[in-house]
2 protein chains.
Amino acid sequence: MSLEKRFTEHFSKIKGYEEAIALLYWDLRTGAPKKGVELRSETIGTLSAEVFSLSTSDEFGELLSSLEAETANLDPFICRSVEEARKEYNLSKKVPPEEYKKFVVLKSKAESVWETAKENSDFPLFLPYLEDLVSATKKMVDYWGEKNGSVYNTLLDQYEPGMTTEILDSVFGKLRERIVPLVQKIAASPNKPETAFLYEHFPKQAQRDFSREMLAQLGYDFNAGRLDETVHPFMISINRQDIRVTTKYDESDFRTAVFGTIHEGGHAMYEQNLGNALAGLPIETGASMGMHESQSLFCENFIGRSEYFWQENFDLLKQYAPDQFKNVQLLDYVRAINESKPSLIRIEADELSYALHIMVRYELEKGLFNGELQVSDLPQLWNDKYEEYLGIRPTNDAEGVLQDVHWAGASFGYFPSYALGYMYAAQFKQAMLKDVPNYDELLVKRNIQPVRDWLTTNIHHYGAFKKPMDILKDVTGEGLNPDYLANYLEEKYTKIYQLKE
Amino acid sequence: MSLEKRFTEHFSKIKGYEEAIALLYWDLRTGAPKKGVELRSETIGTLSAEVFSLSTSDEFGELLSSLEAETANLDPFICRSVEEARKEYNLSKKVPPEEYKKFVVLKSKAESVWETAKENSDFPLFLPYLEDLVSATKKMVDYWGEKNGSVYNTLLDQYEPGMTTEILDSVFGKLRERIVPLVQKIAASPNKPETAFLYEHFPKQAQRDFSREMLAQLGYDFNAGRLDETVHPFMISINRQDIRVTTKYDESDFRTAVFGTIHEGGHAMYEQNLGNALAGLPIETGASMGMHESQSLFCENFIGRSEYFWQENFDLLKQYAPDQFKNVQLLDYVRAINESKPSLIRIEADELSYALHIMVRYELEKGLFNGELQVSDLPQLWNDKYEEYLGIRPTNDAEGVLQDVHWAGASFGYFPSYALGYMYAAQFKQAMLKDVPNYDELLVKRNIQPVRDWLTTNIHHYGAFKKPMDILKDVTGEGLNPDYLANYLEEKYTKIYQLKE
């Protein structure tokens, strides 16, 4: 058997296991009976261990080395896949198994302690675990080897290949300089949208049907996926022809389901449009976490929150909730769904203030790993930064530093990807206008296909064959540039809040 | 690690794989998007191959031998599990892999040819495949080694340990002698139940809610299972705390869902009540296919079709479909749901004529394997036997010999289990009355728990620790005896059809 064939067969086996694991997880979230959960978790553990052992076997390591010796003759997709597989292989193999196991146990313990700590707003309870997590993560980086000159850059690179604090400091700085004044102007504006009608009772079944309409408009293929309900919405790839979306229905705020579905629909659009050449390979996935987020945010904000998109769709929405919207004008509706109000909780933030939440976390993470601050400093610094950037101050740690689970899972370096997604999306939108100048008109006509085709050709199609920074460069002709997002936000919110220029 | 520990760890791994396979299958039936089916099938294949290799590895064979050398010192549940594992091991290992693969391919091909043949009522198309299936199955038996003196007995024993043609000839003969005259009397009876009201429109959602009520009354634990919709109803064990049931909703015949759900609920009752001592072992399952069917049929017929069960439940049913039943009296309802009418199609048969359908198939299978008849004789013989036993004759092979998929999958020896389930159930009912004399009254009160407890203590609890014939003997004090089923049917149908004694 040829080396390439051995490689693809190996991954087709791994993909099979991953399909099973993904479905076991999806089922757990969408309706598995609660008594079966314990055994289910063990089963997920059994299969995950199998994937781990397939991905790190000595035999596989030798196969990778043989392939690396012939890169010149390899199919380019295989070649890039070997590179990715090697990266994963090294991450797993360089850590002694007993250290790795200790790290997994620590994370699992810390997550359950974090739950209690958040419930009781008790940071001191979580503190020693967070300290251990930071030092254990530093130790992991010792094993892996530092990348791009610092421990924290090594972590950033795992989620967003090529991303560094040098880049982030610069783009976040510029962005903050333009967002903070905007947030302040909005707070001072007398022209606030009327939003009471948003919170009227909207029955779940009708929300579900309307959400399906939204997915259909995005071009979501229901023959290669399905929509279900979960506590936290997500998109999951079961197999390449089975890309599922979940959403949450809040009967006193239909926006949760509608914009949540459009957001996850954006992730699904990415996965449903990956090129056939990637089939079965490890690069058959999004280019990075930030690139994936750019697609969901593109759909949610640049399509879903656009006034043009609602020009016809508002009438459609009225068919699903006639009483709720009967006295509401289109413009008032658009203003309401674009309301911006600083909040303490990241996952409830609007698109204007979202990046500020990320910056708080980024600066604290960076400080922790560069040794500039201690875990015990976090609550105070957190609250100060919220006051500085968003103009509001948490009254306790549950709504402050303890709000997110990420640190309990040692996902340091992950948060920035969310903000990158916003910036990528705005930059793509600008580039798209050159090829699709009638963008707004297409949204009015609810003809998203040319928009989707553009995204597919330029982004989705490549999967992880190209790296995120290369995609950005190839598509927009420049590197990461926060001005596009800032311009978009200024223009949009000036209009919504009738701000003076 | 002790031998016992190695054995249980091995099976806990296998159970993990089996959970994944079961869920992948369940999902395929309950709503997986159609484009994902092809990859899904490959994934099921990948994991099944893994289970096969875990169950047949030389290392595992050696472990079995070591355990067999110490049976005297083994925990009895492990001891019995080793016996079962050895049986499976031998079945798989004795056939040369290339022969086994050829057999699998033949079955898969034959199933797709059978579909076309049934669609076009074209037996000659299927004939060469059926001939190959019979001879390939004989060859398998050559590898396995004959059991109980004949090829066909070997096959029977796989589904129903200890079952032989000697036993079946005798019990089927006795049963037929009493059922056939009863069928004839009913056909001649002028007192036929009025059934038109059964076919009125009963909305799916209401059927679903009522079906859930039925499961709840049976003691089905919804925290350890769920009810979904599929084209063909089934029960599936995902893990020991996750036993799922599916049903089918026919809006012009609510009986499909209600009795289908109760039937599958009986299977689920068995699986939900397996003893804790069996946890994770290969004997954590029903004692046999026939024993499993006895539990589903007990629920469906001895509970679900009893006049006592409907005494209160008919009012409940009326709440779900008030118009449909408003002019119907309880007695007329009970007579209608117990209508008996010979039909050509097994899966539509009522409890009286069902066993006759099985006898036709049994006699033909036995003849094929004992060399007394040729595959080409089947259509003619099939039709003759239907005329003889049921008084009706198929007009084509689609509604005759081609109706069931079982033979295309080489499941020879499987059909008799269905009829055994009826006989076991009737025999258990009689034994139960000694311990639960107020059985009818409990049904009226909709207090099924004492009935369920009796079944659990005597049957469910043991799983496959005891063999089916031993369970029967221990519970009823005698061997298989068709008189109980015959008595029950005579008494019941004499009443329903007001037959003269």
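Residues numbered from 1 in each chain as written. Chains lettered and ligands numbered in written order. Predicted model: local features only at pLDDT ≥ 70, side-chain atom pairs only at ≥ 80, totals over all residues. Heavy atoms only, no water.

### Remarks on the overall build of chain A
- Scanning chain A for helices and strands turns up 21 helices and three strands.
- For 501 residues, the compact-globule formula gives about 23 Å, and the C-alpha radius of gyration of chain A, at 23 Å, lands near that figure.
- Each principal axis of the C-alpha atoms in chain A carries an extent, and together these give about 70 × 50 × 50 Å.
- Contacts in chain A between residues far apart in sequence, at least 24 positions, make up 72% of those at least 6 positions apart.
- By element, 48% of the accessible surface of chain A is carried by carbon and sulfur atoms, the whole surface being about 20900 Å².
- One finds the centroid of the 55 positive side-chain charges in chain A at a distance of 1 Å from the centroid of its 78 negative side-chain charges. (Helix = DSSP H or I, 4+ residues; strand = E, 2+ residues; numbered from the N terminus. Rg over C-alpha atoms; globule rule 2.2 N^0.38 Å. Contact = heavy atoms within 4.5 Å. Areas by Shrake-Rupley, 256 points an atom, 1.4 Å probe, with all protein chains shown as cover. Lys, Arg positive; Asp, Glu negative; His and termini not counted. Charge placed at Lys NZ, Arg CZ, Asp CG, Glu CD.)

### Digging into the relation of the copies chain B and chain A
- Mapping chain B onto chain A calls for a screw motion: a turn of 180 degrees about the axis and a shift of 0.0 Å along it, with 0.0 Å RMSD after fitting. On the angle and the small slide along the axis, the relation comes out as a two-fold axis. No C-alpha of chain B lies nearer the rotation axis than that of Ala20(B), which sits 2.9 Å from it.
- Both copies share a contact surface, since 100% of the interface residues of chain B are interface residues in chain A too. (Least-squares fit on C-alpha atoms with pLDDT ≥ 70 in both.)

### Structural notes on the sheet that holds strand 2 (residues 235-239) of chain B
Residue and element names in this part refer to chain B.
- With mixed pairing, the three strands of this open sheet are ordered in space as 1-3-2. Both outer strands of the open sheet, strand 1 (227-229) and strand 2, are each paired with one neighbouring strand and no more. When the angles between neighbouring strand axes are averaged without regard to direction, this sheet yields 30 degrees.
- Note that strand 2 and strand 3 (residues 242-247) share four bridges and pair antiparallel. Looking at strand 3, one finds that Asn239 is bridged to Asp242.
- Contacting strand 1, strand 2 and strand 3, helix 10 (residues 255-272) runs over the sheet at an angle of about 165 degrees to strand 3. (Pairing = 2+ DSSP bridges. Axes fitted to C-alpha atoms, helices over the stretch in contact; angles between N-to-C directions.)

### Considering the sheet that holds strand 3 (residues 242-247) of chain A
All names here are of chain A.
- Spatially, three strands are ordered 1-3-2 in an open sheet, and the strand pairing comes out mixed. Two strands bound the open sheet, and with one partner strand each, they are strand 1 (227-229) and strand 2 (235-239). Strand after strand, the sheet turns through a mean of 30 degrees between neighbouring axes, direction not considered.
- With three bridges joining them, strand 1 and strand 3 adopt parallel strand pairing. Bridging from a neighbouring strand, Glu229 pairs with Thr247 of strand 3.

### Description of the domain arrangement of chain A
Residues and elements named next belong to chain A.
- Along its sequence, chain A is carved into domain 1 (3-93) and domain 2 (196-340 + 427-466).
- Taking only C-alpha atoms, the centre of domain 1 and the centre of domain 2 are 30 Å apart.
- Both sides of the domain 1 and domain 2 interface together cover about 1600 Å² of buried area, and 72% of this is carbon and sulfur.
- In this assembly, domain 1 and domain 2 are joined by one salt bridge.
- Close ionic contact of Lys15 with Glu284 constitutes a salt bridge, the shortest N to O distance being 3.4 Å.
- Secondary-structure elements contributing two or more residues to the side of domain 1 that touches domain 2 are helix 1 (3-30) and helix 4 (76-93).
- A total of 12 residues in the side of domain 1 that touches domain 2 trace back to one element, the largest contributor, which is helix 1.
- Split by residue class, the side of domain 1 that touches domain 2 holds nine nonpolar, four polar and five charged. (Domains from an automatic or database assignment. Buried area = accessible area lost by both parts, 1.4 Å probe. Salt bridge = Lys/Arg side-chain N within 4 Å of Asp/Glu carboxyl O. Nonpolar A, V, L, I, M, F, W, Y, C, P; charged D, E, K, R; others polar.)

### Structural notes on the interface of chain B and chain A
- Listed per partner, the contact involves 34 residues of chain B and 34 residues of chain A.
- Of the roughly 2800 Å² buried between chain B and chain A on both sides combined, carbon and sulfur atoms contribute 55%.
- If you look at where chain B meets chain A, you find 10 salt bridges.
- Asp27(A) is the partner of Arg244(B) in a salt bridge, and the nearest nitrogen-oxygen pair spans 2.7 Å.
- Our count for the chain B to chain A interface comes out at 23 residue pairs in polar contact (both at pLDDT 80 or more).
- In terms of residue count, the dominant contributor to the side of chain B that touches chain A is helix 1 (residues 3-30) of chain B (10 residues).
- Looking at the side of chain B that touches chain A, its residues break down into 12 nonpolar, 10 polar and 12 charged. (Polar contact = N/O pair within 3.5 Å; in protein donor to acceptor, adjacent residues only side chain to side chain.)

### Thoughts on a nonpolar patch on the surface
- Together, Phe52(A), Tyr100(A) and Val104(A) give the surface a local cluster of nonpolar side chains, amounting to about 230 Å² of exposed area.
- Note on placement: Phe52(A) falls in helix 2 (residues 37-56). (Patch = residues over 30% accessible without salt bridge, like charges linked within 9 Å, V, L, I, M, F, W, Y side chains within 5 Å.)

### Comments concerning the nonpolar core
- Residues Phe7(A), Trp310(A), Tyr333(A), Phe7(B), Trp310(B) and Tyr333(B) are the most contacted members of the largest nonpolar core, which totals 312 residues.
- With residues up to four places along the chain from it excluded, the contact list for Tyr333(A) reads Phe197(A), Phe254(A), Trp310(A), Phe314(A), Leu317(A), Phe325(A) and Val328(A). (Core = buried A, V, L, I, M, F, W, Y, C linked by side-chain atoms within 4.5 Å. Buried < 20%, exposed > 50% of the residue type's maximum accessible area, 1.4 Å probe, protein only.)

### A short note on the pairing of strand 3 of chain A
All names here are of chain A.
- Burial of strand 3 is extensive: six of the six residues sit out of reach of the surface.
- Side chains Asp242, Arg244 and Thr246 of strand 3 all project onto a buried face; the interleaved residues Ile243, Val245 and Thr247 project onto the opposite face, where all are buried too.
- The antiparallel pairing of strand 2 with strand 3 creates a hairpin that spans two residues between the two strands.

### Details of the packing of helix 17 (residues 416-435) of chain A against helix 19 (residues 449-458) of chain A
Residue and element names in this part refer to chain A.
- Running from N to C, helix 17 and helix 19 point in directions that differ by 115 degrees, and their axes come no closer than 11 Å. Classified by the angle their axes make, helix 17 and helix 19 are roughly perpendicular. Two packed elements cross with a definite hand, and for helix 17 against helix 19 that hand is right-handed. Residues Phe428, Ala431, Met432 and Asp435 of helix 17 touch helix 19, and the partners they reach there are Val451, Trp454 and Leu455.
- Of the residues that constitute the contact of helix 17 with helix 19, the class distribution is six nonpolar, no polar and one charged. (Parallel < 35°, antiparallel > 145°, perpendicular 65-115°, else oblique. Left-handed = near helix turned anticlockwise from the far one by under 90°.)

### A short note on the packing of helix 8 (residues 165-188) of chain A against helix 17 of chain A
Residues and elements named next belong to chain A.
- It is at 12 Å that the axes of helix 8 and helix 17 come closest, and there the two elements cross at 60 degrees. The angle between helix 8 and helix 17 falls in the class oblique. The two elements helix 8 and helix 17 cross, and the hand of that crossing is left-handed. Contacts between helix 8 and helix 17 involve Leu168, Val171, Phe172 and Leu175 from the first element and Pro416, Ala419, Leu420 and Met423 from the second.
- Broken down by class, the residue content of the contact of helix 8 with helix 17 amounts to eight nonpolar, no polar and no charged.

### What to know about the UniProt feature "active site" (unreviewed entry) in chain A
Residues and elements named next belong to chain A.
- Look at the UniProt record and you will see "active site" (unreviewed entry) annotated at Glu264.
- Tracing the backbone through its elements, the reader meets Glu264 in helix 10 (residues 255-272).
- Other than its neighbours up to four places away in sequence, Glu264 contacts Pro233, Phe234, Met235, Val245 and Thr246. (UniProt positions renumbered as here; feature names shortened; annotations may be inferred.)

### Comments concerning the UniProt feature "binding site: Zn(2+)" (unreviewed entry) in chain A
All names here are of chain A.
- UniProt's entry tags His263, His267 and Glu293 with the feature "binding site: Zn(2+)" (unreviewed entry), counted in the numbering of this structure. These annotated residues cover 31 residues of sequence, and their C-alpha atoms lie no more than 8.8 Å from one another, placing them together at a single site.
- Of note, His267 is situated in helix 10.
- When neighbours within four sequence positions are excluded, His267 is seen to be in contact with Met235, His292, Glu293 and Ser296.

### Considerations on the packing of aromatic side chains
- What the rule picks out here adds up to 72 aromatic pairs over all chains.
- Where Trp382(A) meets Tyr386(A), the ring centres are 5.4 Å apart and the plane angle is 15 degrees; that geometry is what we call stacked. Taken together, the residues Trp382(A) and Tyr386(A), both in helix 16 (residues 378-390) and four residues apart, mark about one turn of the helix. Like Trp382(A), the residue Tyr386(A) is buried in the burial classification.
- Where Phe254(B) meets Tyr333(B), the ring centres are 6.4 Å apart and the plane angle is 20 degrees; that geometry is what we call stacked. (Phe/Tyr/Trp six-rings, centres within 6.5 Å; stacked < 30°, edge-to-face > 60°.)

### Brief notes about helix 14 (residues 330-337) of chain B
- Of the positions making up helix 14 of chain B, those classed as buried are Tyr333(B), Val334(B), Arg335(B), Ala336(B) and Ile337(B).
- Against the buried residues of helix 14 of chain B lie helix 10, helix 12 (307-320), helix 13 (322-325) and helix 21 (483-496) of chain B.

### Regarding the pattern of salt bridges
- Across all of its chains, the model carries 76 salt bridges over all chains by this definition.
- The partner of Glu19(A) in a salt bridge is Arg40(B), and the shortest N-O contact between them spans 2.6 Å. Placement of the pair is Glu19(A) in helix 1 and Arg40(B) in helix 2 (residues 37-56), with the two residues belonging to separate chains.
- Judged by its relative accessible area of 1%, Arg40(B) is buried.

### Some details on the side chain of Glu339(A)
- For Glu339(A), the position within the fold is in the loop between helix 14 (330-337) and helix 15 (354-369).
- Not counting residues within four places of it along the chain, the set of residues in contact with Glu339(A) comprises Pro193(A), Thr195(A), Tyr199(A), Asp350(A) and Tyr497(A).

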